[in-house]
Amino acid sequence: MAEHGTDEPSSSTESPDGEGRDSGDRLLLHQRLAVRELIDTEASYLHMLQLCASDIRSRLQQLPQGDLDVLFSNIDDVIEVNSKFLHDLQETASREDEQVHSIGNLFLEFQEELERVYKVYCASYDQALLLVETYRKEPELQREIQGIIEAAVPQAGPSGLSFLLVIPLQRITKYPLLLQKILENTDPDASAYPVLQRAASALQDVNANINEYKRRKEVASKYTRVGQLTLRERLARINTHTLSKKTTRLSQLLKQEAGLVPRTEDKEFDYLEERLHWVSLCVTETKNNVAVYLANLEAFLRFRPQESELDIPGGPVVQYCTLMGDLQLQAFPDFKQRLEGLVWQPLCSLAKALSGPQNLVKKRLDKLLDFERVEEKLSEVGSVTYEEQEARHTYQALNSLLVAELPQLNQLAMRWLGQILHTFVDLQRDLAKQVLQRAEGSLAQLPHHHLSEPAFRKLVEDVLGQTGHQLRSFQENFEKVLPPPTVQPLLPGAERQVQALLSRYGPEKLYQVTSNISGAGTLDLTLLRGQIVALLQNKDTKGNSSRWLVDTGGHRGYVPAGKLELYRVIPDQEEVKEQVQPPKDSHHLTPEPSPAPVPSVPTVTQVVAVYPFVARSSHEVSLQAGQLVTVLEAQDKKGNPEWSLVEVNGQRGYVPSSFLARAPSPAPWGWSLPS
């Protein structure tokens, strides 16, 4: 019997079709396991977040509120977004055939929201870790914190707070890995495959954007801290490296000013910077005004006329004293306290919040100069050093951060300022209401309380009109005795300077300084009142017409236009100087006389100073316009009527007679409400 040389095929060997079905089943099984892992871990993650926000945060009340805000950051926003995400994720289970496709679309739908909340949390994570390190240096506080965390989350172990704080960072970085795991177990020919690919790529972009945002925030934080250093700390940071950088920046800036190298233009940033400057200016002005308001209110509260002996019989006086005492003891102090808490302190906080962005804007200019220099080198040489490359990246990060966040900052600051102003108005309204309520009884005893508001307004208008007519009559009578306009006295030894300026520029270019000027800038002049200058240009290099370029005869520079007035040159000045002699032992020029005769002033009488006068020697005395002056002698010791010996505030001295005038004595006048 012959033996068979070949074996028969085994009945247990599977066919190719059977192997394909088994492979597809395994792929589907692994895909479902990956989906289940995504949903289950998301639910556990959300539960941990809610535990941190509700249980642990509420038990850490021994920590300052500011510390809690840093530790837990915007965890409430993260919980809100992930709650909606988990709900929609669980809803995909009802569509089993399209579940994977729905998960991919869901990640794409939540891409922006996830990036928005997680970039804020991740940016504050390092600062939270610094706080955790400070707690570890206080053993008693650390034991309390550790006990609270172990009671709520036993698996945290000795890591404590660090274990909890890092969970959101781990979750956002795990999303691309979970999606990639689902993608690996999805048939490339399936309709869900390209959607999952886009979702995985989108979550990778989210993580990259969060890292970039975190880097920008670190750069901003670094330069904000530098802006808060004291002068001593800034000086301690100066070394050869910093001096070299500042010298290079100055060189780059000078090249741009000279037109040797182009200046980088960024219209978008320039607009945002201008808006920030405008907002900061509004906040500063409002803060200054409120500070003055508070100072005046404080002075008002110190003044208590109701406590003085008014030497007036009772009745209205007693009611007035009672009302003012009540208001100054309760209404006004309450108003001041609310004003400080609801207006002044928020204004100070807003001004402080704007100082950081302002420092960043200034720092951006330094980094822009570094960036332009590196770009110039890169175009010429084709390569740069690692440090120069870092300078480029620093500028780009700082500029991107400012362009992205300045619009929101400007809008938020204006809204904040608007709310402060609304609060200020409301406080004023409440104060007026309180005062009227408390004064209701006293107002009923006024002689005109029975009049309607329109009738009372008409009454006040008539009385004010009558009083205004009396004031105008007084003004007309006063002006009749005023001497003609006269020029301000010249400074000692100024004749030659005036003559030199007059011959060089002509009389139409000469101006006189009306008050002392203290130059603040390098090109600003410091001038004394009465000094003569020649106008060179009625604006500065930036086109600002409030700063004029002038020549003093020795120096040229800028002065405020508002402190100059046209100098009236008298043709017969030389003759006048020969005729008019100053007081004895005085070496100063007298004021320029006017063509009209100087009004004679009776001896030992009271007159009014028409113009201000600044004493220039011990023989003279200063005057203020409108000041009452006692004339002792209507001439000097040589009999010159151009100078008068007067007494002002107990001081005696000579003043120009033309600066004095008799006060008119009209019939007694005044105003009072008709009964």
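Residues numbered from 1 in each chain as written. Predicted model: local features only at pLDDT ≥ 70, side-chain atom pairs only at ≥ 80, totals over all residues. Heavy atoms only, no water.

A. Broad picture of the nonpolar core. Among the nonpolar cores identified, the biggest contains 65 residues, and Ile56, Leu71 and Phe107 are the most heavily contacted of them. Among the elements that make up this core, the one with the highest residue count is helix 1 (residues 16–59) (12 residues). In this structure Phe107 touches Leu38, Phe85, Tyr175, Leu179, Ala199 and Leu203, once residues within four positions along its chain are discounted. Membership of the second largest hydrophobic core comes to 33 residues, among which are Leu297, Val361, Leu431 and Ala439. (Core = buried A, V, L, I, M, F, W, Y, C linked by side-chain atoms within 4.5 Å. Buried < 20%, exposed > 50% of the residue type's maximum accessible area, 1.4 Å probe, protein only. Helix = DSSP H or I, 4+ residues; strand = E, 2+ residues; numbered from the N terminus. Contact = heavy atoms within 4.5 Å.)

B. Representation of the packing of aromatic side chains in the model. Within the structure shown, the criterion is met by 12 aromatic pairs. Measuring from ring centre to ring centre gives 5.5 Å for Phe107 and Tyr175, while their planes differ by 70 degrees; the resulting arrangement is edge-to-face. With Phe107 in helix 4 (residues 99–109) and Tyr175 in helix 9 (residues 167–184), this residue pair connects regions lying 68 residues apart in the sequence. A relative accessible area of 0% means that Tyr175 is categorised as buried. Within the aromatic cluster, the residues linked to one another by ring pairs are Phe85, Phe107, Phe110 and Tyr175. A cation over an aromatic ring shows up here: Lys119 above the ring of Tyr213, its NZ or CZ 4.8 Å from the ring centre. (Phe/Tyr/Trp six-rings, centres within 6.5 Å; stacked < 30°, edge-to-face > 60°. Lys NZ or Arg CZ within 6 Å of the ring centre and 35° of its normal.)

C. A look at the confidence of the model for the chain. With 81% of its residues at a pLDDT of at least 70, the chain reaches an overall mean of 80. Segment residues 1–13: pLDDT under 50, and 0 contacts once partners within four positions in sequence are set aside and those in other chains are kept. In this model, residues 572–603 is a region of pLDDT below 50 whose contacts with residues beyond four sequence positions or in other chains number 64 contacts. (pLDDT = per-residue confidence, 0-100.)

D. Structural detail: the packing of helix 13 (residues 267–302) against helix 15 (residues 386–438). Look at helix 13 against helix 15: their axes get within 9 Å of each other, and the N-to-C directions meet at 25 degrees. Compared by their axis directions, helix 13 and helix 15 come out roughly parallel. In the packing of helix 13 onto helix 15, the handedness of the crossing is left-handed. Residue composition of the contact of helix 13 with helix 15, by class: 18 nonpolar, 4 polar and 2 charged. (Axes fitted to C-alpha atoms, helices over the stretch in contact; angles between N-to-C directions. Parallel < 35°, antiparallel > 145°, perpendicular 65-115°, else oblique. Left-handed = near helix turned anticlockwise from the far one by under 90°. Nonpolar A, V, L, I, M, F, W, Y, C, P; charged D, E, K, R; others polar.)

E. Molecular detail of the pairing of strand 3 (residues 547–551). Counting buried residues along strand 3, 4 of its 5 residues qualify, which places the element largely inside the surrounding structure. Note that strand 2 (residues 532–537) and strand 3 share 3 bridges and pair antiparallel. In the sheet register, Gln537 faces strand 3, and the bridge partner there is Leu549. Pairing of strand 3 with strand 4 (residues 556–560) involves 5 bridges; the strand directions are antiparallel. Residue pairing in the sheet places Leu549 in a bridge with Tyr558 of strand 4. (Pairing = 2+ DSSP bridges.)

F. Quick look at a negative patch on the surface. On the surface, a cluster of negative charge is made up of Glu265, Asp270, Glu273 and Glu274. When you line up the elements, Glu273 lands in helix 13. (Patch = residues over 30% accessible without salt bridge, like charges linked within 9 Å, V, L, I, M, F, W, Y side chains within 5 Å. Areas by Shrake-Rupley, 256 points an atom, 1.4 Å probe, with all protein chains shown as cover. Salt bridge = Lys/Arg side-chain N within 4 Å of Asp/Glu carboxyl O. Lys, Arg positive; Asp, Glu negative; His and termini not counted. Charge placed at Lys NZ, Arg CZ, Asp CG, Glu CD.)

G. Structural detail: the environment of Asn538. Mapped onto the fold, Asn538 is located in the loop between strand 2 and strand 3. For Asn538, a relative accessible area of 44% gives the class partly exposed. Separated by 10 residues in the primary sequence, Asn538 and Trp548 have C-alpha atoms spaced 4.7 Å apart. With sequence-adjacent residues up to four places away left out, Asn538 is seen in contact with Ser545, Arg547 and Trp548.

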